[in-house]
Amino acid sequence: MANWNNLTKGFFKENPVFVLLLGCCPTLATTTSAINGLSMGLATTFVLILSNMCISLLKNFIPNKVHIPCYIVVIASFVTVLQLLMQAYLPSIYETLGLFIPLIVVNCIVLGRAEAFASKNGIGASAIDGISMGLGYSMALTILGSIREILGSGSIFGWKFIEGDAILVFVLAPGAFIAMGYLIAIMNRLLKKSK
Amino acid sequence: MNNYTISGSPHVHGGESTKKIMYSVIIALMPAFLFSIYYFGFDAVRVTLISVAACVMVEWLIQKFLIKGQCTISDGSAIITGILLAFNLPSNIPAWMIIIGSIVAIGIGKMSFGGLGNNPFNPALVGRVFMLISFPKAMTTWPTPQPLFSNALTDAVTGPTLLGHIKEGLAQGISAQDLIIYENIKDFIYSGSLGEIGSIAIIIGGLFLIIRKVIDWQTPVTIIATVGIVATACWLIDPVQFVHPMVHIFGGGLMLGAFFMATDMATSPMTMKGKIIFSLGIGALTIIIRLWGAYPEGMSFAILIMNAFVPLINKVCKPTRFGNTVKQ
Amino acid sequence: MAAKKDTLINMFVALFVICIVSGGVLGVVYNATKDPIAAAEAAKKTKAIKNVLPEFYELKETTVKSAMEDVEIPFHLAYDADNNFIGAAVETFTNKGFSGNISLMVGILADGSIKNITVLQHAETPGLGSKMSEPEFKDQFNDKKAGSFNIKVKKDGGDVDAITAATISSRAFCDAVNRALLTFENNKGGF
């Protein structure tokens with residue numbers, strides 16, 4: 001039951017983007033299309049699961065005073081591994097996400113889960129937490145990316161359904177803020193109702 | 001909802017109501033509207049009607065189905081937003097773009113914050129800037145006006161606004177004096193948005209509002225003076241790089257913004273001192289964007305930026321309590 | 001079991017071990033991905049060159065001083081199997097863009113005509129200047145020669161149809177193409 005809760009909380013009740021408001025920088029910057037949002041989400045999920053498991057294993061080995069530098073080294077290593085792998089085998093996605101892959105290191109959601117969950121729980125629960133939060137994050141980024149792509153370029157997952165330009169502001173930074181603001185409002189309303 | 005406003009006595013009723021103010025503003029906008037009909041013909045009516053209808057409709061729908069509160073559309077503020085939005089648009093803009101602009105102006109610019117009086121930004125300008133960024137092509141190709149009763153041209157011609165023409169010319173290294181020779185600019189001296197072309201009509205409407213004490217005279221005068229002084233100074237220093245100040249004062253949306261948008265009660269500071277700071281900021285930002293920015297016209301950005309500063313300005317310039325004397 | 005005590009030696013050991021292990025892992029991954037990364041980058045560049053030039057047998061890399069200013073421009077010279085010069089893919093640029101630099105890959109055939117152009121990098125306004133990477137705009141340069149086709153937008157007296165409402169970007173594009181053509185003409189004999 002606890003595991004089930006751990007698995008589902010990331011999607012709705014504790015969704016990292018819409019409820020916890022963590023990791024906004026890559027959320028706003030990389031969701032110009034559904035596919036970009038999804039790939040960024042999955043990249044973060046990869047780092048999140050591995051760093052959660054690793055930190056949960058190491059939690060008794062790390063003294064309190066140096067836990068942040070230790071976590072950061074662990075997270076940064078996984079991010080660099082991911083970056084090298086993407087560069088080698090997925091160069092086209094790497095090119096679009098570019099700068100934001102190394103920035104996963106400072107994504108609050110990764111360090112946040114390490115602090116709040118993995119450092120207090122066992123490896124199994126931490127892995128589930130990583131999957132839940134990572135997929136919840138991916139879901140949020142994909143929704144945001146889809147909305148921005150539909151409104152901003154008139155296409156979805158690269159499939160164009162209207163000719164020419166749509167409401168361009170949605171593929172630009174201001175549109176990211178507007179779309180995210182309204183998604184958070186909708187999410188709040190739904191959560192309020194479900195209570 | 002709390003029906004009572006609690007504040008220190010004494011209270012005096014000014015005989016003013018939101019409705020009365022709003023309808024005065026609508027009357028004041030009429031000269032400019034007639035002017036735009038003269039220059040753009042039926043299109044001006046089309047754009048304005050669609051914009052007003054869409055704004056009122058959006059406000060009604062949101063009130064009825066999302067907020068589920070009292071119906072507020074009769075106060076006339078949505079009509080003003082609609083007219084002001086239309087005045088910021090080119091006359092050949094497609095209807096669906098106007099409707100999206102109206103949804104943004106009322107939905108995002110006003111109702112998201114809780115309706116009239118709670119909106120930090122001028123709704124019409126939120127709509128216009130949204131449209132400018134979203135539809136850059138449609139919002140920067142202006143039809144050359146075909147006045148009523150003149151020989152109609154067979155094809156609709158589009159061109160830049162006067163300010164756009166000057167900006168582009170200067171970027172190419174043409175001197176400012178050559179750029180404003182009448183022969184070269186006579187075709188588009190009146191091209192622009194509906195409310196941009198008739199500075200005189202806007203001033204008439206603005207004076208009406210000042211006489212009716214709906215708006216104060218200090219705000220528009222400070223804005224226009226700031227723009228004028230900076231433009232004159234630059235022009236005196238280097239008349240090759242900088243165009244004659246009259247172009248900046250009477251060109252573009254300066255008059256419309258100064259009289260009708262910067263004076264919006266909900267989005268401007270409360271005290272006179274605050275209003276002067278606010279107006280100085282708008283004037284300075286406008287002329288900075290016009291002279292050195294990427295866009296030829298900076299009025300709408302300047303007002304929106306200063307709108308964001310209003311809470312801070314209000315904090316610095318608090319209204320003095322009635323009966324308080326200034327401590328020496 | 002609680003976390004280890006905050007003694008100097010514990011902190012030192014923890015950080016040291018974690019850093020050593022991370023370093024080791026990164027080293028292994030780096031070595032394993034080094035070749036695929038180099039291959040992917042080379043493939044990307046070759047693809048861009050192939051896109052702007054006809055079939056070729058081998059490439060020679062060189063840089064040539066720009067005809068307009070003191071900057072070296074990368075030239076990718078293409079030869080056929082008999083070592084005859086086919087054309088050059090020129091990585092040209094302009095700094096007159098509406099926002100930031102624009103870099104183009106211009107394929108120029110041995111006779112000085114443009115084969116094709118791809119946009120490598122730009123930061124122009126989406127929906128306006130960004131239309132420069134669309135075929136409607138950039139393909140008007142294909143098969144054109146410097147002498148017979150005036151690479152200037154029509155507003156400036158040239159033959160190029162500018163992108164609507166994006167004259168500055170169109171002008172910058174022409175500037176970059178001109179830079180490539182002039183530099184190519186100046187060094188024509190050397191290839």
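Here is a short report on the structure shown in this document. These numbers were taken from a predicted model, which means no experiment stands behind them.

### Concerning the overall build of chain A
Looking only at helices and strands, chain A has eight helices and two strands in total. Taken against the 2.2 N^0.38 rule, which gives 16 Å for 195 residues, the C-alpha radius of gyration of chain A at 17 Å falls within 12% of a compact globule. Viewed in the frame of its principal axes, chain A has a C-alpha envelope of about 60 × 45 × 25 Å. The proportion of buried residues among the 195 residues of chain A is 50%. Counted over contacts in chain A with a minimum sequence separation of 6, partners at least 24 positions apart contribute 74%. When the 12 positive and 7 negative side-chain charges of chain A are each reduced to one mean point, those points stand 17 Å apart.

### Regarding the pattern of salt bridges
In total, this model carries eleven salt bridges over all chains according to the counting rule given. Residue Lys-275 of chain B is joined to Asp-216 of chain B by a salt bridge in which the shortest nitrogen-to-oxygen separation is 3.5 Å. In this pair, Lys-275 of chain B sits in helix α14 (residues 272-292) while Asp-216 of chain B sits in the loop between α10 (199-211) and α11 (218-237), placing the two residues 59 residues apart along the sequence. In this pair, the class of Lys-275 of chain B matches that of Asp-216 of chain B, namely buried. A salt bridge links Asp-175 of chain C to Arg-179 of chain C; its shortest N-O distance comes to 3.2 Å. With Asp-175 of chain C and Arg-179 of chain C both in helix α3 (residues 167-186) and four residues apart, the pair spans about one turn of that helix. A cluster of three or more residues bridged by salt bridges with shared partners is formed by Glu-69, Lys-96, Asp-175 and Arg-179 of chain C.

### Describing helix α4 (residues 95-108) of chain B
Since one α-helical turn is 3.6 residues long, residues separated by three or four positions face the same way. Along its 14 residues, α4 of chain B runs 19 Å from first to last C-alpha, staying within 8% of the 20 Å computed at 1.5 Å per residue. If you check which residues of α4 of chain B are buried, you get Met-97, Ile-98, Ile-100, Gly-101, Ser-102, Val-104, Ala-105, Ile-106 and Gly-107 of chain B. Its buried side turned inward, α4 of chain B meets α8 (173-194) of chain A together with α2 (42-67), α3 (77-87), α5 (123-134) and α6 (136-140) of chain B.

### A few points about the pairing of strand β2 (residues 72-79) of chain C
Residue and element names in this part refer to chain C. Counting buried positions along β2 yields six of eight residues, so the element is predominantly enclosed. Here strand β1 (residues 58-65) folds back onto β2 in antiparallel fashion, the turn holding six residues. Note that β2 and strand β3 (residues 85-94) share five bridges and pair antiparallel. The residue of β3 that forms the bridge with Phe-75 is Val-90. Between the antiparallel neighbours β2 and β3 lie five residues, among them Asn-83 with a positive phi of about 65°.

### So, the interface of chain C and chain A
Contacts between the two partners involve 29 residues from chain C and, on the opposite side, 26 residues from chain A. Taken together, the two surfaces of chain C and chain A that pack against each other cover about 2,200 Å², and 76% of this comes from carbon and sulfur. Linking chain C with chain A are zero salt bridges, by the criterion used here. Run the count over chain C and chain A and you get one residue pair in polar contact (both at pLDDT 80 or more). For the side of chain C that touches chain A, the per-class residue count stands at 19 nonpolar, four polar and six charged.

### Let's talk about unusual backbone geometry
Residues and elements named next belong to chain A. Unusually for a residue other than glycine, Leu-21 sits at a positive phi of about 55°. One can find Leu-21 in the loop between α1 (2-8) and α2 (24-30). Since its relative accessible area comes to 44%, Leu-21 is described here as partly exposed.

### Details of a nonpolar patch on the surface
Residue and element names in this part refer to chain C. Together, Ile-9, Phe-12, Val-13, Phe-16, Val-17, Ile-20, Val-21 and Val-25 line one region of the surface with nonpolar side chains, adding up to about 740 Å² of accessible area. Its place among the elements puts Val-25 in helix α1 (residues 8-52). You can call Val-25 partly exposed: its relative accessible area is 39%.

### Points about the nonpolar core
Ranked by size, the top nonpolar core spans 115 residues in total, and within it Ile-104 of chain A together with Phe-260 and Ile-282 of chain B carry the most contacts. No other element matches helix α1 (residues 18-40) of chain B, which puts ten residues into this core. Residues lining this core come from more than one domain, with at least three contributed by each of domain 1 (18-140) and domain 2 (158-316) of chain B. Residues within four places of Ile-282 of chain B in sequence aside, it is in contact with Ile-223, Ala-262, Met-299, Ala-302, Ile-303 and Met-306 of chain B.

### Brief notes about the side chain of Ser-138 of chain A
Residues and elements named next belong to chain A. When you line up the elements, Ser-138 lands in helix α7 (residues 123-153). Relative accessible area serves as the criterion here: at 4%, Ser-138 is assigned to the buried category. Reaching out from Ser-138, the side chain makes a polar contact with the backbone oxygen of Gly-41 at a distance of 3.2 Å. In this structure, Ser-138 is in contact with Gly-41, Leu-42 and Thr-45, ignoring residues within four places of it in sequence.

Procedures and definitions
- Residues numbered from 1 in each chain as written.
- Chains lettered and ligands numbered in written order.
- Predicted model: local features only at pLDDT ≥ 70, side-chain atom pairs only at ≥ 80, totals over all residues.
- Heavy atoms only, no water.
- Helix = DSSP H or I, 4+ residues; strand = E, 2+ residues; numbered from the N terminus.
- Rg over C-alpha atoms; globule rule 2.2 N^0.38 Å.
- Buried < 20%, exposed > 50% of the residue type's maximum accessible area, 1.4 Å probe, protein only.
- Contact = heavy atoms within 4.5 Å.
- Lys, Arg positive; Asp, Glu negative; His and termini not counted.
- Charge placed at Lys NZ, Arg CZ, Asp CG, Glu CD.
- Salt bridge = Lys/Arg side-chain N within 4 Å of Asp/Glu carboxyl O.
- Expected span 1.5 Å × (residues − 1).
- Pairing = 2+ DSSP bridges.
- Buried area = accessible area lost by both parts, 1.4 Å probe.
- Polar contact = N/O pair within 3.5 Å; in protein donor to acceptor, adjacent residues only side chain to side chain.
- Nonpolar A, V, L, I, M, F, W, Y, C, P; charged D, E, K, R; others polar.
- Patch = residues over 30% accessible without salt bridge, like charges linked within 9 Å, V, L, I, M, F, W, Y side chains within 5 Å.
- Areas by Shrake-Rupley, 256 points an atom, 1.4 Å probe, with all protein chains shown as cover.
- Core = buried A, V, L, I, M, F, W, Y, C linked by side-chain atoms within 4.5 Å.
- Domains from an automatic or database assignment.

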